[in-house]
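Chain and residue survey
Each chain is listed here by its residues.
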Amino acid sequence: MLRSLVGSEMCIRDRGTTPPEDDCIHSRIICAEPVSPFQPPFTPKFGGVSTLVILLVCLAGGVCTIVFDSEVVVAIVASTVFWTTFYLLLVNALIDHVDGLRFKCGDGSTRGELLVSVFHQLGVCLIAMVVMLAVHVNHDFKDWWNKGPVYAYSFERQVQVSILGYELKDLSYGCIHWTWLVHHGITFIGVLMVLNMPAGLGLVSLNGLIAELGSGFFNLRYIWENLLTRYLYFVGMFLSNGVVVAFTVLLWWVDDMAIGWKIGYSIISGLLFALRTEGLRREVAEFYCPEEKCHTPAERDISGTEDEVSGGGNKQGAGANKVAVDEVNAIRPVVLSLIHI
């Protein structure tokens, strides 16, 4: 039902619903519904020749990333190609060859899609954060925290481009729901802006990774739905959101950076915080309260009126209140898909 911002992926649909088969026709630019691109029957999206070509492109991108590391523009393009094709091959290989990973989880995604999300967010990003801290803590942390530009440093550049490639792979299926365009568009702008930021190297690098960790806890709880993973999501997302806000505030104390960079970064972080916090609020409310007690006052009034109508109340009000209920139910999955894609 939910997915995460600067950090997650896949077409989303509301929990427990099954969209018509033609809702996501891959010849369309915009999908009718935010569904996963992987639907039964699970036929491979790429043939043997196409897969081989993508693999060769991936390897070429990796080699060029290493060889042309000093050529910033070439290295960014090459590493974007590498990370995009790497994640594209990984998710398709898992779903094509492992039947158990085609299982549909609670948010409508396959288990394979969520495993790739967790691999990126709690694997690649967590390891990158540990490496950064191990290298710079008790060594040159203050200098690393403030220096820049970000694109000039190979490892930190790869961190940002890995997030970019992880998101770009979702655009390869030809069917894009508008929530993908909004979420991924914000992510692309954010990554490109961070790469060009003239200072704050350590700060923005750690902030992006910590945001990804929060998304990872969300995806983890849908792979293994139990009390432990749910509480990990509650605590992990709360801490992740808090750190994102704190680091954004600290950015204003970084020297050698024009105020325009700080304002732009603050806007993107603010959107991230607002969307993710709203998603967390809904999840906590749904978990701790019966459904009828956790709606907002407006939603409760609508629900209550609908109940009265169904029991034989005013039939003229029935149509209007049913429309209102339908509007609430229609808006909810769209909002949530923006939060945790």
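Let us look at the structure shown here. Just so it is clear, the structure is predicted and the values come from calculations on it, not from any experiment.

**What to know about the overall build of the protein**
The helix and strand tally for the protein stands at twelve helices and zero strands. Listed by position from the N terminus, the elements making up the protein come as α-α-α-α-α-α-α-α-α-α-α-α. Here the protein holds 341 residues, and the buried ones make up 47% of them. For the protein, restricting intrachain contacts to residue pairs at least 6 apart in sequence, the fraction spanning at least 24 positions comes to 76%. For the protein, the exposed area adds up to about 15700 Å²; of that, 69% sits on carbon and sulfur atoms.

**Side note on the pattern of salt bridges**
Scanning the entire structure with this criterion turns up eight salt bridges. Residue Arg-102 is joined to Asp-99 by a salt bridge in which the shortest nitrogen-to-oxygen separation is 3.3 Å. Among the residues examined, Asp-99 registers a relative accessible area of 59% and is labelled exposed. Salt-bridge contacts for Lys-147 lead to Asp-143; the nearest nitrogen and oxygen are separated by 4.0 Å.

**Some points on the nonpolar core**
Grouped together as the largest cluster of nonpolar side chains are 26 residues, with contacts concentrated most on Met-197, Leu-203, Val-204, Leu-206, Leu-209, Leu-251 and Tyr-265. Within the residue set of this core, elements represented by two or more residues are helix H3 (111-136), helix H4 (141-146), helix H6 (178-196), helix H7 (201-223), helix H8 (227-251) and helix H9 (259-288). In terms of residue count, H7 provides more of this core than any other element does, seven residues in total. If we ignore the near neighbours within four places in the chain, the residues touching Leu-251 are Met-197, Leu-203, Val-204, Met-257, Lys-262 and Tyr-265. In terms of nonpolar packing, the next biggest core, distinct from the first, is built from 19 residues, Phe-38, Ile-76, Tyr-166 and Tyr-173 among them.

**What to know about the side chain of Thr-248**
Relative to the assigned elements, Thr-248 resides in helix H8. Reaching out from Thr-248, the side chain makes a polar contact with the side chain of Ser-269 at a distance of 3.1 Å. With residues up to four places along the chain from it excluded, the contact list for Thr-248 reads Asn-207, Tyr-265, Ser-266 and Ser-269.

**Observations concerning the packing of H8 against H9**
Packing of H8 against H9 leaves a shortest axis separation of 10 Å and a crossing angle of 160 degrees. One finds that H8 runs roughly antiparallel with respect to H9. Helix-helix and strand crossings are classified by hand; for H8 and H9 the assignment is left-handed. Partitioned by chemical class, the residues of the contact of H8 with H9 number 16 nonpolar, seven polar and four charged.

**Considering the packing of aromatic side chains**
Under the definition given, this model contains 19 aromatic pairs. For the pair Phe-82 and Trp-83, a centre-to-centre distance of 5.2 Å together with 75 degrees between the ring planes defines the contact as edge-to-face. The interplanar angle of 85 degrees and the centroid separation of 5.9 Å between the aromatic rings of Tyr-231 and Phe-234 together place this pair among those described as edge-to-face. In this pair, Tyr-231 and Phe-234 are both assigned in helix H8, three residues apart and thus about one turn of the helix distant. The partly exposed category is assigned to Tyr-231, whose relative accessible area is 33%. Taken together through their ring pairs, the aromatic side chains of Phe-218, Tyr-222, Tyr-231, Tyr-233, Phe-234, Phe-287 and Tyr-288 make up a single cluster. Sitting over the ring of Tyr-166, Lys-169 keeps its end group 4.1 Å from the ring centre. Across the ring face of Tyr-222, the terminal group of Arg-221 is positioned such that the distance to the ring centre comes to 4.3 Å.

**A few points about the environment of Thr-229**
Positionally, Thr-229 belongs in helix H8. Owing to a relative accessible area of 7%, Thr-229 belongs among the buried residues under this scheme. C-alpha separation for the pair Thr-229 and Phe-218, spaced eleven residues apart in sequence, amounts to 8.3 Å. Setting aside residues no more than four positions away along its own chain, Thr-229 makes contact with Phe-217, Leu-220, Arg-221 and Trp-224. Within the structure, the side chain of Thr-229 is placed 2.5 Å from the backbone oxygen of Trp-224, a separation counted as a polar contact.

Rules used throughout
Residues numbered from 1 in each chain as written. Predicted model: local features only at pLDDT ≥ 70, side-chain atom pairs only at ≥ 80, totals over all residues. Heavy atoms only, no water. Helix = DSSP H or I, 4+ residues; strand = E, 2+ residues; numbered from the N terminus. Buried < 20%, exposed > 50% of the residue type's maximum accessible area, 1.4 Å probe, protein only. Contact = heavy atoms within 4.5 Å. Areas by Shrake-Rupley, 256 points an atom, 1.4 Å probe, with all protein chains shown as cover. Salt bridge = Lys/Arg side-chain N within 4 Å of Asp/Glu carboxyl O. Core = buried A, V, L, I, M, F, W, Y, C linked by side-chain atoms within 4.5 Å. Polar contact = N/O pair within 3.5 Å; in protein donor to acceptor, adjacent residues only side chain to side chain. Axes fitted to C-alpha atoms, helices over the stretch in contact; angles between N-to-C directions. Parallel < 35°, antiparallel > 145°, perpendicular 65-115°, else oblique. Left-handed = near helix turned anticlockwise from the far one by under 90°. Nonpolar A, V, L, I, M, F, W, Y, C, P; charged D, E, K, R; others polar. Phe/Tyr/Trp six-rings, centres within 6.5 Å; stacked < 30°, edge-to-face > 60°. Lys NZ or Arg CZ within 6 Å of the ring centre and 35° of its normal.

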